[in-house]
Amino acid sequence: MEWKSKIQSLKEEISQYKIENKEDVEKFRIAFLGTKGKLKMAMGLIAEVPGELRKEFGLLVNEIKNEADSKWALSKNAFEHQQEATQVDFDLTAPAYHSHLGSLHPITKTKRRMVEIFERIGFAIFEGPEIVNDWHNFTALNMPQDHPARDMQDTFFLTENLEFLLRTHTSSSQIQALETEKLPLRIITPGRVYRNETISARAHCTFHQVEGLYIDEGVSFADLKQCIYYFAKEMFGSENIRLRPSYFPFTEPSAEVDISCFICDQKGCPVCKKTGWVEIGGCGMVDPAVLQNCNIDTTKYNGYAFGMGIERIAMLYYQINDLRLFWQNDMRFLRQL
Ligand code: DAH
């Protein structure tokens, strides 16, 4: 029964085999389980086994094979995980990664600067909604149905009956403030406005404005002018502005505010359309019809209003010649501002 003692000693050998690392696991596999391993050789012993003992032989070999299999699987598992846990592929002494903090968008920064400048001279913030009705955006601002000035502001209407729309200017907030706030009133309303315009270097369908409104007794055009000059001085460090007579339905008299083009130093560029001046907004004395629409006693109160485009101011402030850059969120652009 030599075969039996051979099988027994193989069993011994397998259970005694020391597996201490990953390499030993592989050596064990090759030695016992591989195609030329000792278990295969043991199976060959069957030739020596007499017929009636072959069943016993088979069971024994199978048992040893199972033992070897599970020994191999267990140690493989153990050493693989051990390796993962102890594998140090990072340098604990290296400085931490610098995580990039977000920062304010240049339009937000410009808006905050503008707000802060006006707050210093007593303007309070009044924020109106972006969805407004016809009354607040047009009619109460002295632009009744069929008024041609409506065409200048291509509107995104929200309802079939043209009752609700996305505000085309922050002037709509003037009405909301006049309807709800007490007089005297000195407010600015920064916010987003919408116009169905073709996007270009100078225009976008979404942009931002800051509206100003001052209603009190005995307000004069000189007050308005001083306010605009003060703003230009604080924002750009320059009073190089001009007020050009103009027309708005909600102000009388009205003016457009131009500031000298810092981008080309008044030499002429696409931003100033080669004129050396950039229009930053409109202003004027509030038309009494507007105040009357809000039930305000016009024998007692009057005032001025202005509206400025934040993108225009930001373009001048940062010397940017294409408005679209503000919307592309290209980090290479934003990081510079
Ligand atoms: N709402 C005008 C626009 O978007 C700007 C404007 C002009 C606002 C004159 C005013 C103003 O308050 O007095 O084009």
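1. Overview of the pattern of salt bridges
Phase 1: Summed over all chains, the structure comprises 18 salt bridges.
Phase 2: A salt bridge links Glu-67 to Lys-11; its shortest N-O distance comes to 3.3 Å. Of this pair, Glu-67 sits in helix H4 (residues 54–86) while Lys-11 is found in helix H1 (residues 2–16), placing the two residues 56 residues apart along the sequence.
Phase 3: When its relative accessible area of 30% is taken as the criterion, Glu-67 is described as partly exposed.
Phase 4: Between Glu-234 and Arg-120 there is a salt bridge whose closest N-O contact spans 2.6 Å. Taken together, the residues span a long stretch of sequence, with Glu-234 in helix H8 (residues 221–236) and Arg-120 in the loop between helix H5 (106–119) and strand E1 (124–125) at a distance of 114 residues.
Phase 5: The exposure class assigned to Arg-120 is partly exposed, which follows from its relative accessible area of 48%.
Phase 6: Through salt bridges with shared partners, one network takes in Arg-242, Arg-244, Glu-256 and Asp-258.

2. Some points on the site of the ligand
Phase 1: Not every one of the 16 residues close to the ligand is listed here, only the nearest: His-169, Ser-171, Arg-195, Gln-209 and Glu-211.
Phase 2: Between His-169 and the ligand, the recorded distance is 2.9 Å, taken from a side-chain N or O atom to a nitrogen atom.
Phase 3: At a separation of 2.6 Å, an oxygen atom of the ligand approaches a polar side-chain atom of Glu-211.
Phase 4: Within the complex, the protein chains bury 92% of what would otherwise be the 360 Å² of accessible surface of the ligand.
Phase 5: Using a 2 Å cut-off from the grid points, one finds that the ligand occupies the largest pocket.
Phase 6: The residue makeup of the shell around the ligand, split by class, is five nonpolar, nine polar and two charged.

3. Overview of the layout of surface pockets
Phase 1: Computed from the structure, the largest pocket encloses a volume of approximately 1,000 Å³.
Phase 2: As for the largest pocket, its lining consists of 44 residues, of which Arg-195, Glu-256, Glu-279, Gly-281 and Arg-312 are closest to the centre.
Phase 3: Within the residue set of the lining of the largest pocket, elements represented by two or more residues are helix H7 (171–180), strand E5 (206–216), strand E6 (241–248), strand E7 (251–260), strand E8 (277–286), strand E9 (302–309) and helix H10 (310–318).
Phase 4: The greatest single-element share of the lining of the largest pocket, amounting to seven residues, is contributed by E8.
Phase 5: Of the residues that constitute the lining of the largest pocket, the class distribution is 19 nonpolar, 13 polar and twelve charged.
Phase 6: Quantified by volume, the second largest pocket comes out at close to 250 Å³.
Phase 7: In terms of lining residues, the second largest pocket is bounded by His-100, Leu-101, Gly-102, Ser-103, Leu-104, His-105, Pro-106, Lys-109, Met-331, Leu-334, Arg-335 and Leu-337.
Phase 8: Within the residue set of the lining of the second largest pocket, elements represented by two or more residues are H5 and helix H12 (331–334).
Phase 9: For the lining of the second largest pocket, the class distribution of residues is six nonpolar, four polar and two charged.

Calculation rules
- Residues numbered from 1 in each chain as written.
- Predicted model: local features only at pLDDT ≥ 70, side-chain atom pairs only at ≥ 80, totals over all residues.
- Heavy atoms only, no water.
- Salt bridge = Lys/Arg side-chain N within 4 Å of Asp/Glu carboxyl O.
- Helix = DSSP H or I, 4+ residues; strand = E, 2+ residues; numbered from the N terminus.
- Buried < 20%, exposed > 50% of the residue type's maximum accessible area, 1.4 Å probe, protein only.
- Near = heavy atom within 4 Å.
- Polar contact = N/O pair within 3.5 Å; in protein donor to acceptor, adjacent residues only side chain to side chain.
- Areas by Shrake-Rupley, 256 points an atom, 1.4 Å probe, with all protein chains shown as cover.
- 1 Å grid on protein atoms, 1.4 Å probe; cavity = no way out; pocket = protein on both sides within 12 Å on 5 of 7 lines; lining within 4 Å.
- Sits in = over half its atoms within 2 Å of the grid points.
- Nonpolar A, V, L, I, M, F, W, Y, C, P; charged D, E, K, R; others polar.
- Points joined across faces, edges and corners; volume = space filled by probe spheres on them.

Don't take any of this as a statement about function, it's just geometry.
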